[in-house]
Amino acid sequence: MLRLDGLSRTYPTGTQALAHLTLDVGAGEIVAIVGGSGCGKSTLLRLVAGLDRPSGGRIELDGEAITAPHPGVGIVFQEPRLLAWLTVAQNIGFGIAHLPRAEREARIATALERIGLAGHGGRWPRELSGGQAQRVALARALVARPRVLLLDEPFSALDAFTRADLQEHLMALWEDSRPTLLLVTHDIDEALALADRIVVMRPHPGRIGTMLSVPTARPRPQPRPTGTPEAEALKRQILNVLRPARQQMALPAAAE
Ligand SMILES: Nc1ncnc2c1ncn2[C@@H]1O[C@H](COP(=O)(O)OP(=O)(O)OP(=O)(O)O)[C@@H](O)[C@H]1O
Ligand SMILES: [Mg+2]
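It should be emphasised that the depicted structure is a prediction, and the values quoted were computed from it without experimental measurement.

Trainee: Where do I start with the sheet that holds strand E1 (residues 2–10) in this structure?
Mentor: The pairing of strands in a sheet happens through backbone hydrogen bonds and is either parallel or antiparallel. Across the sheet, which stays open at both edges, the four strands sit in the order E2-E1-E4-E5 with antiparallel pairing between neighbours. Bordering the open sheet on either side are strand E2 (16–25) and strand E5 (64–65), each of which pairs with just one other strand. Taken together, the six bridges between E1 and E2 define a ladder with antiparallel strand orientation. What sits directly across from Leu4, in E2, is Leu23.

Written out as structure tokens, the structure reads:
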């Protein structure tokens, strides 16, 4: 279980990016994090990845404190960040070089199949479309079988069709080892399609505004259909929490 306990981060500039954020996430749970720009979502993921240190509070994975990058925690960013001098298969196998060769190759082959690139392991990153490259980035993060996978707006640079396709690939890959997912997204439909729970953050300082469960049954590991009455009702709830932040930001302009 991933436990975030009273997590704060104030940058040297004085910006209080996160204040006393507490959240427990169960093994295999999929939690989406939504919120306006600057409310601390990426800060939160960087702390959980051990890429930055909190100013206060604690992060624990199965009882062990996380204070530096940890093999049990993987991260995927908005851009694929593939290594240009390695093939697709070598990129996917980058984090599992320590495994015996047969095991490594089996995991790479399964991952290539899951992302629809079976037989394309010898291609170079420059030969891939944006969607294909991001699929490789997902596979690279998941072949290491992390207990927690952090995703920071992983599909937001892609068109709507490719995004829906990638959501399915993510679920297929997730099925292999069912890690805990923390998914930052600005797409409420994406959060509703994938998450078990949705954390809505508020800014200044970054904190949890509200938390919603997404109870609608779905045949896991597939994304839920969007546009259902249940999904629309939840979407309205989320927008209601996000709206006050937008209105506050609009106030100075309106007063001019
Ligand atoms: N390295 C840094 N130094 C100083 N301030 C920072 C740093 N990184 C982020 N901030 C500030 O902290 C706040 C939270 O930033 P963060 O990147 O976590 O937001 P976010 O929710 O991911 O936003 P977005 O949706 O735009 O990606 C913002 O006010 C940002 O300007
Ligand atoms: Mg961000």
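Trainee: Hey, could you run me through unusual backbone geometry in this one?
Mentor: Most peptide bonds take the trans form, and the phi angle of most residues other than glycine is negative. A cis amide bond links His204 with the next residue in sequence, Pro205, at an omega value of -5°. Mapped onto the elements of the fold, Pro205 is located in the loop between strand E9 (197–202) and strand E10 (207–213). Despite not being glycine, Arg81 shows a phi value in the positive range, around 50°. Examined against the element boundaries, Arg81 turns out to sit in the loop between strand E6 (73–76) and helix H2 (88–92). A positive phi angle is found at His204, which is not glycine, with a value near 55°. Checked against the element boundaries, His204 lands in the loop between E9 and E10. Given a relative accessible area of 68%, His204 falls into the exposed group.

Trainee: Please clarify how the layout of surface pockets should be interpreted in this entry.
Mentor: It is a probe the size of a water molecule, rolled over the atoms, that shows where empty space is left. Within this model, the largest pocket holds a volume of roughly 590 Å³. Taken together, 25 residues form the lining of the largest pocket, with Val73, Gly74, Ile75, Arg140 and Ala141 sitting closest to its centre. Secondary-structure elements contributing two or more residues to the lining of the largest pocket are E6 and helix H4 (130–143). With four residues, E6 is the single largest residue contributor to the lining of the largest pocket. A per-class count over the lining of the largest pocket returns 17 nonpolar, four polar and four charged.

Trainee: Hey, could you run me through the sheet that holds E9 in this one?
Mentor: Strands sit in the order E6-E7-E8-E3-E9-E10 across an open sheet of six strands; the sheet is mixed. The sheet is open, and its two borders are formed by E6 and E10, each paired with just one other strand. Strand-to-strand twist of the sheet, defined as the mean angle between neighbouring strand axes without regard to direction, takes the value 20°. Pairing of E9 with E10, which is carried by six bridges, proceeds in the antiparallel orientation.

Rules used throughout
- Residues numbered from 1 in each chain as written.
- Chains lettered and ligands numbered in written order.
- Predicted model: local features only at pLDDT ≥ 70, side-chain atom pairs only at ≥ 80, totals over all residues.
- Heavy atoms only, no water.
- Pairing = 2+ DSSP bridges.
- Helix = DSSP H or I, 4+ residues; strand = E, 2+ residues; numbered from the N terminus.
- Buried < 20%, exposed > 50% of the residue type's maximum accessible area, 1.4 Å probe, protein only.
- 1 Å grid on protein atoms, 1.4 Å probe; cavity = no way out; pocket = protein on both sides within 12 Å on 5 of 7 lines; lining within 4 Å.
- Points joined across faces, edges and corners; volume = space filled by probe spheres on them.
- Nonpolar A, V, L, I, M, F, W, Y, C, P; charged D, E, K, R; others polar.
- Axes fitted to C-alpha atoms, helices over the stretch in contact; angles between N-to-C directions.

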